[in-house]
Amino acid sequence: CALPISASSGKETRLILVEDVAYFQSDHKYTTVMTAQGESLLRTPLHELMAKLDPNHFKQIHRSTIVNMRMVAAIVRDDSGRGTMRLKNRPETLPVSLTFMPLFKNM
């Protein structure tokens, strides 16, 4: 979907273009949208979001995280097979669960 996402940040509602999203992270009933500019909140559960997003560009990497693959800088595997993802425009790293690691075996 190329439609902007409407998300709240404090008292303002932001329109965020899907291609500007680095990742979505859910926390119970809210989903945080992370962009290079900061974070905003959605009231849409992750599974509903996943159904609307382009599967060529957005991949689930953890039960609570969906990443925009265009924003991925690197994936580091540890000895146990788990992964950590680094993004191009965000300082934090994201855990990749064992369930989703096979998506990245060709990277």
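Rules behind the numbers
- Each chain has its residues counted from 1, following the order in which its sequence is written.
- Reporting in this predicted model follows two pLDDT cut-offs: at least 70 for local features of residues, and 80 or more for side-chain atom pairs to be given and counted; totals over whole chains, interfaces and linings ignore these cut-offs and use all residues.
- For side-chain calculations, the full set of non-hydrogen atoms in the structure is used, while hydrogens and water are omitted.
- We treat two strands as partners when DSSP finds at least two bridges between them.
- By definition, any uninterrupted DSSP run of H or I lasting at least four residues is a helix, any uninterrupted run of E lasting at least two residues is a strand, and each is numbered from the N terminus.
- Each axis is a line fitted through C-alpha atoms, and for a helix only the stretch in contact is used; angles between axes span 0 to 180 degrees, taken between their N-to-C directions.
- Burial classification: accessible surface area is computed with a 1.4 Å probe over protein chains only, and a residue below 20% of its type maximum counts as buried, one above 50% as exposed, and the rest as partly exposed.
- Should any heavy atoms of two residues lie within 4.5 Å, those residues are counted as being in contact.

1. Considerations on the sheet that holds strand β10 (residues 93-96)
Logical step 1: The 3 strands are arranged β8-β9-β10 in an open sheet whose pairing can be described as antiparallel. Only two strands of the sheet have a single partner each, and these edge strands are β8 (72-77) and β10. Pairs of neighbouring strands in the sheet enclose a mean axial angle of 25°, with direction left out of account.
Logical step 2: Looking at chain direction, β8 and strand β9 (residues 83-87) are connected through 5 bridges and run antiparallel. The residue of β9 that forms the bridge with Ile75 is Met85.

2. A few points about the environment of Val21
Logical step 1: The residue Val21 is located in strand β3 (residues 21-27) in this model.
Logical step 2: On the basis of relative accessible area, Val21 is assigned to the buried category, the value being 0%.
Logical step 3: Along the backbone, Val21 and Thr35 are 14 residues apart, and their C-alpha atoms lie at a distance of 4.8 Å.
Logical step 4: Setting aside residues no more than four positions away along its own chain, Val21 makes contact with Ile5, Ile16, Val33, Met34, Thr35, Phe58, Asn68 and Met71.

3. A short note on the environment of Lys88
Logical step 1: With respect to the helices, strands and loops of the structure, Lys88 is situated in the loop between β9 and β10.
Logical step 2: Considering only alpha carbons, one finds Lys88 and Asp78, 10 residues apart in sequence, at a separation of 20 Å.
Logical step 3: Excluding residues within four positions of it along the chain, Lys88 makes contact with Arg70, Met71, Val72 and Ala73.

4. Description of the side chain of Ser97
Logical step 1: Within the secondary structure layout, Ser97 lies in the segment after β10.
Logical step 2: Setting aside residues up to four positions removed in sequence, Ser97 forms contacts with Ile61 and His62.

5. A look at the side chain of Thr44
Logical step 1: Of note, Thr44 is situated in the loop between β5 (38-42) and α1 (46-52).
Logical step 2: Setting aside anything within four residues of it in sequence, one finds Thr44 in contact with Thr31 and Leu49.

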